[in-house]
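A structural walkthrough
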Amino acid sequence: MASLSRFLPPVGLGAAAERFVLAERDQLPPWIVVAFGGGIAAWFLLPGGAWHAAVVAMGLAVALAVLGLRGGWTAMELGPRCVFVAALMIAAGTAHMAWRAERVAADPLPAPWFGTLTGRVIEREMQPAREQVRLVLRTAPALGLPQTVRVNLDLAKDDPQARTGAIISARARLMPPAQASLPGGYSFAQRAWFEQLGATGSMLDRPSIVQAAAGSSGLDSLRARLSAHIQAQVGGGAGGIAATLATGDRGAIAEEDAEAMRRSGLAHLLSISGLHVTALIGAVWLVTLKVLALSPPLARAWRLPLVAAGAGALAGIGYTLLTGAEVPTIRSCVAALLVLVALALGRDPVSPRLIAAGAMLVLLVWPEALMGPSFQLSFAAVTAIVALHDHPRMRAWAAADYSWPGRVARFLAMLFLTGLLIEFTLMPIALHHFSKAGLFGALANMVAIPLTTFVIMPLEALALVLDLAGWGAPVWWLCGVALEALLALAHAVSDTPGAVTLFPRMSGWVFALFVTGGLWMFLWRSRARWLGLAPIAVASVLVALQPVPDLLVTSDGQHLAVAGERGQMVVLRARIGDYALQTLSESAAFEGRATAMQDWPQAACSAEFCSFALSSGQRRYAVLVGRNRERVPERGLAAACRRADIVIAGRWLPRSCRPRWLKVDRRMLAETGGLALYLGDEAVRTVAADHRGHPWWDRAVEQREQAMEAKRAARLSTPPR
């Protein structure tokens with residue numbers, strides 16, 4: 001035991017740490033959830049395989065070492081107990097995430113597929129703004145396809161009988177779930193893995209009904225009818241938002257309105273989450289409490305706060321089910337129910353422990369939600385709000401007695417401070433996931449949140465109630481005016497110069513510094529909380545110094561962007577899809593009109609190739625880029641490759657093509673996915689480096705290789721003609 005003493009902290013440091021932990025002992029429970037989430041994050045950030053097992057083993061080893069050194073749980077002081085629990089929770093988080101990934105395992109489609117698709121509809125979502133219907137099908141086993149696929153169907157070809165429960169058949173084109181196009185980009189394959197979607201695509205014909213649905217579920221039918229009714233009462237973009245607030249159906253929101261809401265920092269209003277659930281439950285709780293209090297016998301016989309909490313809980317659960325019971329809504333409902341429990345028991349509802357309990361429930365059921373922007377944005381915002389309003393000075397200010405003008409001014413000031421704090425809190429999350437951050441969101445939310453909470457939602461609820469008697473038209477008109485004002489605010493803020501700032505994509509470890517600093521500041525109460533500014537400052541500097549990649553190549557090799565040129569972004573093709581252009585622009589931190597390479601003065605283009613030079617420091621790099629997949633004389637191609645430092649093509653290049661530094665062709669992209677090239681230090685960042693070792697990448701690669709091997713074997717076994 002004496003030989004291990006050198007591994008223990010110095011007495012002075014250990015005593016200081018023990019005093020700190022004792023002083024913050026009331027704040028320790030939320031850190032249990034943080035440690036569990038850290039284990040989940042480690043599963044995603046580390047490159048799989050032995051690394052995941054190493055995290056679990058290391059966590060268990062640390063816990064056992066602390067237990068052995070301290071002689072058991074009862075003999076431990078508070079500090080060692082914290083280390084013991086944290087180590088166990090990190091190991092548990094990683095193991096739980098690994099178990100979840102294996103439990104939902106569903107192999108993706110190995111290669112593009114075309115044929116007659118037959119399956120049972122298990123989900124149906126109307127998307128009138130995109131003029132399509134989205135269907136999720138359980139495929140017929142005889143087809144040999146993944147069990148669950150998702151297809152889009154044009155509205156013009158839709159059949160109302162193709163509803164949930166029906167078996168339909170039509171020609172369809174299916175593709176494997178798309179991996180991230182560029183490093184750090186959105187990976188639909190990751191999401192599809194946990195949703196057990198094996199393929200996506202589109203139906204090409206009007207589906208024939210093989211077997212009619214026995215009858216849609218009451219909630220599905222009610223949701224569809226309610227959404228259609230609301231859109232009939234409120235037209236245009238306002239009607240789409242009104243339907244979203246009531247049913248969670250976002251299919252009627254036009255893309256330009258949705259983009260304006262995102263750029264203005266108001267997109268959270270379109271996701272049925274904390275604001276909507278809390279507003280509904282709070283309104284039901286307050287109305288129930290006040291109405292029942294009007295009757296003295298009831299007030300004496302019943303515990304009215306408990307009855308009101310029950311009514312609010314029923315309303316929240318019903319609203320959650322009506323809006324589709326998606327993860328953000330369930331998460332918000334759970335948190336709101338915990339607040340109701342605290343109110344019914346007379347406890348403080350504004351507590352980090354309640355937030356931690358809600359987060360833990362979500363992570364136990366959907367641990368993968370931790371890495372999504374929805375979970376991060378909502379819990380970060382709520383944690384920041386609680387930390388701000390739990391501060392002693394804020395509590396004293398809120399409790400101070402002012403005249404009504406003073407109370408109004410205090411309300412507006414608190415609203416602005418809250419919005420400003422939320423804006424800065426959510427900015428790193430927006431940068432990490434979307435490479436952009438809004439600058440005027442705090443001001444926009446000062447108007448939008450009260451407008452939505454105290455005007456739009458009450459008017460919409462009142463209009464729906466009055467519609468039972470046919471009296472809702474005037475209220476619907478007022479609701480439409482308020483919704484139009486909300487949309488006008490979103491477009492005005494979105495169109496303001498400088499409303500959105502773009503940055504190059506940050507790495508997961510830089511984002512981890514932001515998260516660590518934020519949690520340290522929001523979860524502790526002593527002055528030591530300000531130490532959290534240190535990792536935030538370091539991460540901010542790293543983001544500011546993050547270089548823009550010089551070249552970006554998508555995973556299929558069909559799209560390329562020269563991103564390092566000042567004030568412009570050059571793309572390979574003049575005709576490029578909106579999604580590909582948006583993906584390249586976000587990775588290049590560029591907002592504006594892209595220049596086609598054939599129109600770029602620095603490039604010399606032929607029908608098959610473009611060549612240009614890029615400078616980095618004292619060196620110039622000659623770049624050769626393929627424009628199509630037409631055959632070219634191998635001798636001439638080999639000579640051109642020898643003169644180039646970098647050769648990029650979305651096709652197979654022969655072995656004779658040997659550039660001086662890097663050859664990127666279909667063979668390499670199949671292994672690495674999309675690329676980001678940094679010429680300053682000749683670094684190459686790949687999609688594979690972000691996802692290799694995780695099932696949605698490894699199984700896709702394995703399936704693709706097996707399909708290619710089967711084709712090769714079939715070709716060799718076929719006798720020549």
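If you're wondering where the values come from, they're calculated on a predicted model, not measured in any experiment. Counting restarts for each chain, with residues numbered from 1 along the sequence as it is written. Where totals are concerned, whole chains, interfaces and linings use all residues; where local detail is concerned, this predicted model gives features only for residues with pLDDT of at least 70, and gives and counts side-chain atom pairs only at 80 or more. Only hydrogens and water are set aside when side-chain values are computed; all heavy atoms of the structure are taken into account.

So, the side chain of Arg410
Each helix is a run of H or I in the DSSP string that is no shorter than four residues. Each strand is a run of E no shorter than two, and both are numbered from the N terminus. By secondary structure assignment, the location of Arg410 is in helix H16 (residues 404-434). Partly exposed residues are those whose accessible area sits between 20% and 50% of the maximum for their type, while under 20% is buried and over 50% is exposed, using a 1.4 Å probe and protein chains only. His is not counted here, nor are the chain ends, while Lys and Arg score as positive and Asp and Glu score as negative. We define a salt bridge as a contact between a side-chain nitrogen of Lys or Arg and a carboxyl oxygen of Asp or Glu at a distance within 4 Å. There is no salt bridge for the buried Arg410, and the closest opposite charge comes from Asp401, which lies 6.8 Å off by N-O distance. Polar side-chain contacts of Arg410 include one of 2.7 Å to the backbone oxygen of Ala400. For this analysis, residues touch if any pair of their heavy atoms sits within 4.5 Å. Beyond its immediate chain neighbours, meaning those up to four positions away, Arg410 contacts Trp397, Ala398, Ala399, Ala400 and Tyr402. Two N or O atoms count as a polar contact when they lie within 3.5 Å, although within protein this holds only if one can serve as hydrogen donor and the other as acceptor, and sequence-adjacent residues are included solely when both atoms are side-chain atoms.

Focus: the confidence of the model for the protein chain
What pLDDT expresses is the predictor's confidence in each residue, scored from 0 to 100. Residues with a pLDDT of 70 or more make up 93% of the protein chain, whose mean pLDDT is 84. Throughout residues 1-9 the model reports pLDDT below 50, and contacts reaching past four residues in sequence, or to other chains, amount to 5 contacts.

Considerations on the packing of helix H2 (residues 29-45) against helix H13 (residues 352-365)
Angles run from 0 to 180 degrees between N-to-C directions of axes, and those axes are lines fitted to C-alpha atoms, restricted for helices to the stretch in contact. Interaxial distance between H2 and H13 falls to 8 Å at its minimum, and their mutual angle equals 30 degrees. The angle between H2 and H13 places the two elements in the roughly parallel class. Two packed elements cross with a definite hand, and for H2 against H13 that hand is left-handed. Every residue of H13 that contacts H2 at Pro29, Pro30, Val33, Phe36, Gly37 and Ile40 is listed here: Pro352, Arg353, Ala356, Ala359, Met360, Leu363 and Leu364. Classifying every residue of the contact of H2 with H13 gives 11 nonpolar, 1 polar and 1 charged. We call two directions roughly parallel when the angle between them is under 35 degrees, roughly antiparallel when it is over 145, roughly perpendicular when it lies between 65 and 115, and oblique otherwise. Put simply, a crossing is left-handed when the front helix is turned counterclockwise from the back one by less than a right angle, and right-handed when it is turned clockwise. The residue classification treats Ala, Val, Leu, Ile, Met, Phe, Trp, Tyr, Cys and Pro as nonpolar and Asp, Glu, Lys and Arg as charged. All others, Gly included, are polar.

Some thoughts on the side chain of Asp665
Of note, Asp665 is situated in the loop between strand E17 (662-664) and helix H23 (666-672). At 3.1 Å, the side chain of Asp665 forms a polar contact with the backbone nitrogen of Met668. Contacts of Asp665, omitting those with residues within four sequence positions, involve Ala649, Arg651, Trp652 and Leu653.

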